[in-house]
Amino acid sequence: AQKVTQAQTEISVVEKEDVTLDCVYETRDTTYYLFWYKQPPSGELVFLIRRNSFDEQNEISGRYSWNFQKSTSSFNFTITASQVVDSAVYFCALSDLDSNYQLIWGAGTKLIIKP
Amino acid sequence: DTEVTQTPKHLVMGMTNKKSLKCEQHMGHRAMYWYKQKAKKPPELMFVYSYEKLSINESVPSRFSPECPNSSLLNLHLHALQPEDSALYLCASSPLPGTSGLLFAKYFGPGTRLTVL
């Protein structure tokens, strides 16, 4: 069965530090999709990235970067030079054929950036 | 405009009340979603509409009744709810999938925080 594990329940860092949020997934399918969403205290989920299983290239978007490693079934998310506005709950999610391409969500990691 | 709006922001209702949640988007998206989120949990998919037709119903109790009157609007009608239905209700939209066939919620509204007394 599919599963997404975000082992870090809560992370707290001081502003300007780099921080990595871990995501480990399980799937039997060879075609699948991985996602990251951000949920700030206001409650609105913000889509950050979608990556398909055939594209292992790392991605960088400003201070955000994602490291996809099929060998370890991980899709980790790094924020460089963190800012207070990055404080949020971050969810990793998986979509595959078994899930009928619906999202299987991780439990989320609460990120606290202290000034 | 990449905005999904939801009204009301907060709703308190008794178990015998009938109320409705409203969601609107003007991005031309033909897929719209309702999610339920309990505190400190990930969202749970309730319903998906594509081309204004219900395509996914995740075994949601009949006291929740969705409606998609047109391509911009999505409603969730509530009747005889239970206290355990108290949660944040999120609406989302997305373009319909291309060749990948992948349908996923991309743009979320701010949610309606529902309290059932």
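So, a few notes on the structure that sits alongside this text. These numbers come from a predicted model, not from an experiment. (Residues numbered from 1 in each chain as written. Chains lettered and ligands numbered in written order. Predicted model: local features only at pLDDT ≥ 70, side-chain atom pairs only at ≥ 80, totals over all residues. Heavy atoms only, no water.)

1. Here we look at the environment of A92(B)
All names here are of chain B.
Move 1: By the secondary structure assignment, A92 is in strand β9 (residues 87-94).
Move 2: Residue classification places A92 among the buried positions, given a relative accessible area of 0%.
Move 3: Each C-alpha atom of the pair A92 and V4 lies 6.9 Å from the other, and the pair is 88 residues apart in sequence.
Move 4: Each residue touching A92, except ones within four places of it in the same chain, is listed here: A31, M32, Y33, A105, Y107 and F108. (Helix = DSSP H or I, 4+ residues; strand = E, 2+ residues; numbered from the N terminus. Buried < 20%, exposed > 50% of the residue type's maximum accessible area, 1.4 Å probe, protein only. Contact = heavy atoms within 4.5 Å.)

2. Some remarks on the environment of R51(A)
All names here are of chain A.
Move 1: The residue R51 is located in strand β6 (residues 46-52) in this model.
Move 2: Given the relative accessible area of 4%, R51 is considered buried.
Move 3: Sequence separation between R51 and W66 is 15 residues, and the spatial gap between their C-alpha atoms is 9.5 Å.
Move 4: A distance of 2.3 Å separates a polar atom in the side chain of R51 from a polar atom in the side chain of E59. (Polar contact = N/O pair within 3.5 Å; in protein donor to acceptor, adjacent residues only side chain to side chain.)

3. Some points on the interface of chain A and chain B
Move 1: Across the contact, 18 residues belong to chain A and 19 residues belong to chain B.
Move 2: Roughly 1500 Å² is buried in total at the junction of chain A and chain B, and carbon and sulfur atoms are behind 60% of that figure.
Move 3: Looking at the side of chain A facing chain B, the largest losses of area belong to L45(A), Q102(A) and W105(A), adding up to 31% of the total buried there.
Move 4: Our count for the contact surface shared by chain A and chain B stands at zero salt bridges.
Move 5: Where chain A packs against chain B, one counts three residue pairs in polar contact (both at pLDDT 80 or more).
Move 6: Breaking the side of chain A that touches chain B down by element, the ones donating at least two residues are β5 (32-39), β6 and β10 (88-96) of chain A.
Move 7: Here the side of chain A that touches chain B gets four residues from one element, more than from any other, and that element is β5(A).
Move 8: In the side of chain A that touches chain B, the residues fall into ten nonpolar, six polar and two charged. (Buried area = accessible area lost by both parts, 1.4 Å probe. Salt bridge = Lys/Arg side-chain N within 4 Å of Asp/Glu carboxyl O. Nonpolar A, V, L, I, M, F, W, Y, C, P; charged D, E, K, R; others polar.)

4. Some details on unusual backbone geometry
Residue and element names in this part refer to chain B.
Move 1: Cis peptide bonds are those with omega within 30 degrees of zero, and the linkage from T7 to P8 qualifies with -10°.
Move 2: Position of P8 among the secondary structure elements: in the loop between β1 (4-7) and β2 (10-13).
Move 3: In this structure, E52 takes a positive phi of about 65° despite not being glycine.
Move 4: Inspection of the secondary structure puts E52 in the loop between β5 (44-50) and β6 (53-57).
Move 5: By relative accessible area, which is 26% here, E52 ends up partly exposed.
Move 6: One non-glycine residue with positive phi stands out, namely S59, at about 50°.
Move 7: Along the chain, S59 turns up in the loop between β6 and β7 (64-70).

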